[in-house]
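# Close look at the chain arrangement
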Amino acid sequence: MASKTKTRVGLVAGGLGAYWPQFPDLLPQLQRSADRVSERMRELDAEIVDVGFISDAQEGAVAAEKLRAADCDLIVGFLTTYMTATMLVPIAQRSGAPVLLINLQPTESMEHATFDTGQWLAYCGACPLPEMANAFQRCGIPFRSVSGYLEDERAWARITSWVRAAGARAALRHGRHGLMGHLYPGMLDVSTDLTLVSANFGGHVEVLEFDDLRVRVEKVTDAEVAAKRAETEKIFELADSVNAVDLEWACRVSVGLDRLVEDFSLDSLAYYHRGLDGETHERLGAGMILGASLLTARGIPAAGEFELRTSLAMLIMDRMGAGGSFTELQALDFHRGHVEMGHDGPAHLAISARRPLLRGLGVYHGKRGWGVSVEFDVKHGPVTAFGIIQRRDGRFALVASEGETVDGPHLQIGNTTSRVDFGRDPGEWTDDWSATGMSHHWALGTGHRGAELKALAHLLEAEYIQV
């Protein structure tokens, strides 16, 4: 569930150069703090572009050019002591990347009885923060900050959220998102204006036809099918209902999907084809569940029913390390206080509570065709439901709700199903979730991700709603 490429974070630390000749011990102390921040940043599984310590506007301009050339996903500016806004505004203006300002003083509190002016100034990173906020806002630059102390784990949790959010934003900005087939007839909520994906998130939507898959499946060899079956049997438990012919077809389609993703350099995929009377395209659509699930587990989320916004939500969750499985409401259990949610079709195997089951189905409810389908529930513990809304004015909004997956009875019908306890009446939660304007599909991922998703919304300058 890791990003294909690491998040690239630019790092610059600074303070007012006028202090250095006045207080000779101050700069070395601040540089030690900057080294510690750089060390902690590298522990976040990110590529760090550290341009060093700046002391005036001229050095800030040099740092700005280095960070512009580095094409960072996020720039972190460390305020070690007072510094002027002219030192950081050019960095924010020229880089094209969002900037996070951090104010981390050396310890929780000063030793007031013994500190002199130089020692106090090492704790003065909070002083320029309002100045930066004022200047950024007047220059039309979104402002965000984290204040704390060097070993403040609460502050580092917030910094981590921003870094993960920047990684998800980068996946959207640089992503190639496949859209294959056509809209499930009548699903007005699912339809997405493709131009708005680029307008809100960046990236590219590659419009595909089922024939793009068909020609690749036709070239799959028996040896490749055998290898895919061996992979499948290693990952899945196979129910007695699995038909050998249907499994062979699903494996063949899976190899074709792998080629499709490689040939078009796809980072995500949404698909649907209605089909008719068992013709080839219907069989292709019915045979995609296995391959789409294997792709999703590899970090290339695939969603059925032409659900482009949900495949993007799944991509975001995956890049945050949360998985993200294709999900909708299934039932409400008022006796236990649970919301039952999941979906037929593709699922994120990497977040299954147990070894996923492959079940043979003679009927796909609401769809034509037959074949094998995936059955499991998401790992028990904290989870987040997350989806993307397309508003009437064309803007996208992010919606999330944190809960906990719990144990309980599950249907054995070849669907993913999770029981989610949101700590409240399931009917009231369902009403509030629906009232946001959420479509009837979303991603369900592991962990409480509200802070990271809120940070992502800020980076995207999008509306964020938490239910």
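Reading guide: rules and limits
Residues numbered from 1 in each chain as written. Predicted model: local features only at pLDDT ≥ 70, side-chain atom pairs only at ≥ 80, totals over all residues. Heavy atoms only, no water. Pairing = 2+ DSSP bridges. Helix = DSSP H or I, 4+ residues; strand = E, 2+ residues; numbered from the N terminus. Salt bridge = Lys/Arg side-chain N within 4 Å of Asp/Glu carboxyl O. Buried < 20%, exposed > 50% of the residue type's maximum accessible area, 1.4 Å probe, protein only. Phe/Tyr/Trp six-rings, centres within 6.5 Å; stacked < 30°, edge-to-face > 60°. Axes fitted to C-alpha atoms, helices over the stretch in contact; angles between N-to-C directions. Contact = heavy atoms within 4.5 Å. Parallel < 35°, antiparallel > 145°, perpendicular 65-115°, else oblique. Left-handed = near helix turned anticlockwise from the far one by under 90°.

Here four strands make up an open sheet; going across it, the order is 7-6-9-10 and the pairing parallel. The sheet is open, and its two edges are formed by strand 7 (204-208) and strand 10 (302-303), each paired on a single side. Two strands pair when backbone bridges link them, and strand 6 (residues 176-181) and strand 9 (residues 268-272) are joined in this way by five bridges, in the parallel orientation. Bridging from a neighbouring strand, G181 pairs with Y272 of strand 9.

Before going further, it helps to spend a moment on the pattern of salt bridges. Following the criterion strictly, the structure yields 29 salt bridges and no others. The salt bridge involving E452 is made with R164; its shortest N-O contact spans 2.8 Å. Taken together, the residues E452 in helix 16 (residues 450-460) and R164 in helix 7 (residues 153-174) connect sequence positions 288 residues apart. Given a relative accessible area of 7%, E452 falls into the buried group.

So, about the packing of aromatic side chains. The final tally for this structure, using the stated rule, is nine aromatic pairs. The interplanar angle of 70° and the centroid separation of 5.2 Å between the aromatic rings of F201 and F396 together place this pair among those described as edge-to-face. Residue F201 is found in the loop between helix 8 (194-200) and strand 7, and its partner F396 is found in strand 16 (residues 396-406); the two are separated by 195 residues along the sequence. For the pair F201 and F396, one class covers both residues: buried. Here W429 and W433 contribute two aromatic rings whose centre-to-centre distance is 5.2 Å and whose plane-to-plane angle is 15°, an arrangement assigned as stacked. Here W433 and W429 lie together in helix 15 (residues 426-435), a separation of four residues that amounts to about one turn. We note that W429, like W433, is buried. The structure contains a cluster of three or more aromatic residues connected by ring pairs, namely F422, W429, W433 and W442.

What follows is about the sheet that holds strand 3 (residues 74-79). Spatial strand order, 2-1-3-4-5: five strands in an open sheet with parallel pairing. Each end of this open sheet is capped by a strand with a single partner; those strands are strand 2 (46-54) and strand 5 (145-149). The average undirected angle you get between the axes of adjacent strands in this sheet is 20°. Inspection of the sheet shows strand 3 paired to strand 4 (residues 99-105) by four bridges, in the parallel sense. Among the inter-strand pairings, G77 is bridged to a residue of strand 4, identified as L101. Against the sheet, helix 6 (residues 129-138) contacts strand 3, strand 4 and strand 5, and its axis sits at roughly 170° relative to strand 4.

Moving on, we come to helix 16. What sets the pattern is the α-helix's 3.6 residues per turn: residues three or four places apart point alike. Along helix 16, eight of the eleven residues are buried, which leaves the element largely enclosed by surrounding structure. On its buried face, helix 16 is in contact with helix 7, helix 8, helix 14 (308-319), strand 15 (381-390), strand 16 and strand 19 (463-466). One or two positions beyond helix 16, positive phi appears at E461, with a value near 55°.

Let us now look at the packing of helix 2 (residues 26-42) against helix 7. Helix 7 packs onto helix 2 with a crossing angle of 55° between their chain directions and a minimal axis gap of 11 Å. Considered as vectors, helix 2 and helix 7 are oriented oblique to each other. The interaxial crossing formed by helix 2 with helix 7 has right-handed handedness. Residue-level inspection shows V37, R40 and M41 of helix 2 in contact with helix 7, the latter providing E153, W156, I159 and V163.

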